[in-house]
Amino acid sequence: MSTTPTPPVIDLGEIRRRLREDGSRDPWRSLEEVAGTDEFVRWLEAEYPRQAAGLQPGVERRDFLKLMSASLALAGVGGACTRQPEEHIVPYVKQPEGMILGVPAYYATAMPLDGFGVGLLAESHEGRPTKVEGNPAHPSSLGGTDAATQGSVLGLYDPDRSQVILSAGQIRTWNGFLAEMATVRQAQQQTGGAGFRILSGTVTSPTLAGQIEELLAAMPNARWHQWQPVTRDNAQRGAQAAFGTDVSTHYRLANAQVALFLDADVFGQGPARLRLSREWAQARRPAKGKAPMRTYAIESTLTTAGSVADHRLAVRAADVEALARALAGRLGVAARPIDTPVVKAHAAFLDTLAKDLAAHRGAAVVIPGDGQPPAVHALAHALNAALGAVGQTVVYTEPVEARPMNQLASLRALCADIDAGRVDCLVILGGNPVYTAPVDLDFATRLQKIPLRVHLSPYDDETSLLCQWHIPEAHYLESWSDVRADDGTVALIQPLIAPLYNGRTAHEVIGAFGDAPARSTYDAVKDHWKSVRGETDFETFWRQALHDGVVPHTAAPATAVGVGHWDTGALPAPAEGLELVFRNDPYVHDGAFSNNPWLRELPRPLTKLTWDNVALVAPATAEKLGLATENLVELSFEGRTITAPVWVQPGQAPDSIAIQLGFGRTRGGQVATGLGFNAYAVRTGDAIDFGAGLAVKKLKGKYVLACTQSHQRMEGRPLVRYASFDTWQRDPSFAQHAVHEPGPDMTMYPNYDYSRGNAWGMTIDLGSCTGCMACVAACVAENNIAVVGKEMVAWGREMHWLRIDRYFHGDLDQPEVLHQPVPCMHCENAPCEVVCPVNATVHSSEGLNDMVYNRCVGTRYCSNNCPYKVRRFNFFLFSDWTTESLKMGRNPDVTVRSRGVMEKCTYCVQRIEESRHAAIREDRAIRDGEIVTACQQACPSDAIVFGNINDPESRVAKLKADPRNYGILTDLNTRPRTTYLARVTNPNPALAPATDEGGGHGHGHAAPGAHS
């Protein structure tokens, strides 16, 4: 039996009473914190390292390894031997030309995700990719990344990746596959490919699309089907309803002053998520005389976009359409009156919203979510046209996808052909349809009716098990290809390493059925672009495109469209009972990354849960059903049943329960099959995004969940500070009034003169942070931070050097949300330094709080004395020193730690030293912006800035001079080098509480923090 600590049972009614009656304006971090019971205090104290050190969770070694590893050896339990195994350095006999040992090289490439590309710059050490950064020249990334792209490097070295070609369970060769497919090709050509089918995801690769079209031209009776688990079918059908044709819609938040998100997670999902994060952040920065862009969100489940909206309305997913139609009526777009109960309940909100949108004609935008029905998308197009958004905040182009189609209808058509016996050979290019297809299609049973089944996949997964041929798929960092961005811009994908496991690409698999089966992927891609560009000066074009990471002049041109008959019929009758909503997990996605332990352990942006998926339940619904966090429930939907743990989530819409896709796997790696439940098991084609009729039954027992949000005790400390735009205009330095700061001489520390040389510092703009966790994922990848597993996270032993605290403020059911990244503060008066008995934590002449690993003996005095709780202690030997492939992915400039060592943020000191050496070689000073920390470089919203505060012209120095700048816990006179820019919001005064002079946020309001 596990001894993992579990949170106490709380009384939601008592919490609601306290929030409404106590008049407390302090933000809160968790429901347990608001309850403040003695049991909760004891539970927190049990998590503190000084108590936890003497307790060992009752976990068997086999389970421990399974939860903590990407393979059986990814992480191990600390034992008697903790020395790193002896290794021999073998130098190059002949150093490769163009390679400088110890100096990383960078190559432009792109990562395909859901068919669209994220432009990247990949870092390589002696031919080993170790890190990826966003490509500033790529229109979809603009230099930013997200957790999935950061975690992709670990995916390259995952020892669980499929390593051999299998045919009927037997190892075969690539030549053997080509020989058998040649026979299939000859047989299919006699019938024009009547029995030949291709099933892929969304394809935007010009080369792959060209290959498939060539094959279909040779086999005119063959068919190409597409299936993406989270489809864009609603957007496509909505555009067809509005315009009578297919178009791609591109939003430009940089030009907006008011934005409305209709159940749209614009910063967390979709091919434009990184660009929209950057544009939103830029539009939100306050300036004298220019208010930040105002954002509204109407959504069922709390998203990163909704969490940073000025006004958010939590309603069922099925009610969004009624509210959108009612809004359209107020703006003169729809004549049909809408008078449902949900519209009546939120009439004042809709009236104010309509006036605000109308007042900003030409600078307003309405963005619908992919999970909303086609009517909402068509209505959004009509609203944007009426608001003058077309050409300003909305741009339309020809479809970016190759052969766009309704993917659910396409999959159903494939199933119908299988049932009719019309399919002799099915080639599945990536994806895992046995796992992800709607459960009512019973794709697994149908698949086995096909005589020949070929599956290209990075893992031997659920679909591979039912196919005669399984081909290991090459990772994007070890293959050639091309892919389009959301605006159509093409990026070339170039490999940084030879395939580790002889993986193959979709180009090669499709080529096996064509006239040149032995042609390499490189030749296929290059030949395609030769046919497009011509032979004249092709090599110059080719090298430039590889260098820049984008092919110039390939963006889709804008096209003129006119809104026709958008109204697709009467509003559907409101469904009764509970609603079930399906959402992609923010990191595991649709299950593609479920074997990635970096992503499994990364806290989710809003729940801060790790490793598991849950049933998100609103507090009001939990009260009605008698549910509490970690209760097990039976969810019955469409005649099918699954068991899931409950998570009571403030901000979740009442009577709407959301579950995340991508978990509960049965094959595809040991981490993938470790934890979570399969939400696909109740997802049908008629309720692909949401549906009514859910029945919930409470079961006996509890399911332990590992959440990082409550690992520190709250004592009313003023950490996160924010105010409305009106308050900021009246008092620009409001954030600096929250606490009394001692003078610089009121200290027992000797004051050090930093006036000469460099003095490193950082600022974090809380008004730009969306809580996406890209910075945390980048820190893990850059600094070789170990995975510890669910049990250790539950005990408060996660190793992340950077955390993002999430706060709620206000009402329990519709709270405001605040995000605050917290790295090491690098205090000038560092409390950790004076208590270390072995001088392991020391201060540098440039203001860094350094950590000397080979001195640390693990007393943890520094952690106890740190008021920010940003130090991590590796209780066990979490790092894997035996799996060869994992060694290749580590950053050689950062020490891999053994057990018993304290770890923390170093301001990426290895990057500082790299720039210092370059400056010394070139006999110059380090330039501003030359040093970019991993967290700063990954941030898609450009919220983090690092540099030399001694340089008054540096960007960081100018931001620290901003009146919004403040430090946290500065009343302790720690003098932190990491400071924050207070968040400035722009609420609509008509919707702000009457008691709030500052527009719903108060004057210089502060949130509590951690204490030792």
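Residues numbered from 1 in each chain as written. Predicted model: local features only at pLDDT ≥ 70, side-chain atom pairs only at ≥ 80, totals over all residues. Heavy atoms only, no water.

### A short note on helix α21 (residues 521–533)
Taking 1.5 Å per residue as the helical rise, α21 with its 13 residues ought to reach 18 Å, and the 18 Å between its terminal C-alpha atoms agrees with that figure. For α21, every residue scored as buried is listed here: Thr521, Ala524, Val525, Lys526, His528 and Trp529. Where α21 is buried, its residues meet α8 (206–218), β17 (481–484), β18 (490–493), α20 (506–511) and α22 (538–548). Phi turns positive one or two residues past the end of α21, at Gly534, with a value near 85°. (Helix = DSSP H or I, 4+ residues; strand = E, 2+ residues; numbered from the N terminus. Expected span 1.5 Å × (residues − 1). Buried < 20%, exposed > 50% of the residue type's maximum accessible area, 1.4 Å probe, protein only. Contact = heavy atoms within 4.5 Å.)

### Points about the packing of aromatic side chains
Under the defined criterion, the tally for this structure stands at 22 aromatic pairs. Geometrically, the ring pair formed by Tyr435 and Tyr680 is edge-to-face, given 4.8 Å between the ring centres and 70° between the ring planes. Residue Tyr435 is found in helix α17 (residues 433–436), and its partner Tyr680 is found in the loop between β24 (656–661) and β25 (690–702); the two are separated by 245 residues along the sequence. According to the relative accessible area criterion, Tyr435 is buried, its value standing at 5%. Taking 5.9 Å as the distance between ring centres and 35° as the angle between the ring planes, the aromatic pair formed by Tyr966 and Tyr980 counts as tilted. Of this pair, Tyr966 sits in strand β36 (residues 965–966) while Tyr980 sits in strand β37 (residues 978–981), and the two are 14 residues apart along the sequence. Here Tyr966 matches Tyr980 in class, with each residue buried. Looking at Arg665, its charged tip hangs above the ring of Tyr435, at a distance of 5.0 Å from the centre. (Phe/Tyr/Trp six-rings, centres within 6.5 Å; stacked < 30°, edge-to-face > 60°. Lys NZ or Arg CZ within 6 Å of the ring centre and 35° of its normal.)

### Section: the confidence of the model for the protein
With 89% of its residues at a pLDDT of 70 or more, the protein has an overall mean of 87. The low-confidence segment residues 47–83, where pLDDT is below 50, has 91 contacts with residues more than four positions distant or belonging to other chains. Every residue in residues 994–1012 scores below 50 in pLDDT, and together they form 82 contacts with partners more than four places removed in sequence or on other chains. (pLDDT = per-residue confidence, 0-100.)

### Concerning the sheet that holds strand β6 (residues 196–200)
Taken in spatial order, the seven strands make up an open sheet running β5-β4-β16-β15-β14-β6-β7, and their pairing is mixed. Since the sheet does not close on itself, it has two edges, and those belong to β5 (170–172) and β7 (223–226), each with one partner. For this sheet, the mean angle separating the axes of adjacent strands, direction not counted, is 20°. Relative to strand β15 (residues 452–457), strand β14 (residues 425–429) runs parallel, the two being bridged by five bridges. Opposite Cys425, over in β15, you have Leu452 as the bridge partner. Seen against the sheet, helix α7 (residues 174–189) touches β4 (165–167), β5, β6, β14, β15 and β16 (469–472) and runs at an angle of roughly 125° to β16. (Pairing = 2+ DSSP bridges. Axes fitted to C-alpha atoms, helices over the stretch in contact; angles between N-to-C directions.)

### Notes on unusual backbone geometry
A positive phi angle is found at Leu142, which is not glycine, with a value near 55°. One can find Leu142 in the loop between β3 (128–134) and α6 (147–157). Even without glycine at this site, Lys869 takes up a positive phi of about 55°. Position of Lys869 among the secondary structure elements: in the loop between α28 (861–865) and β33 (872–873). Given the relative accessible area of 14%, Lys869 is considered buried.

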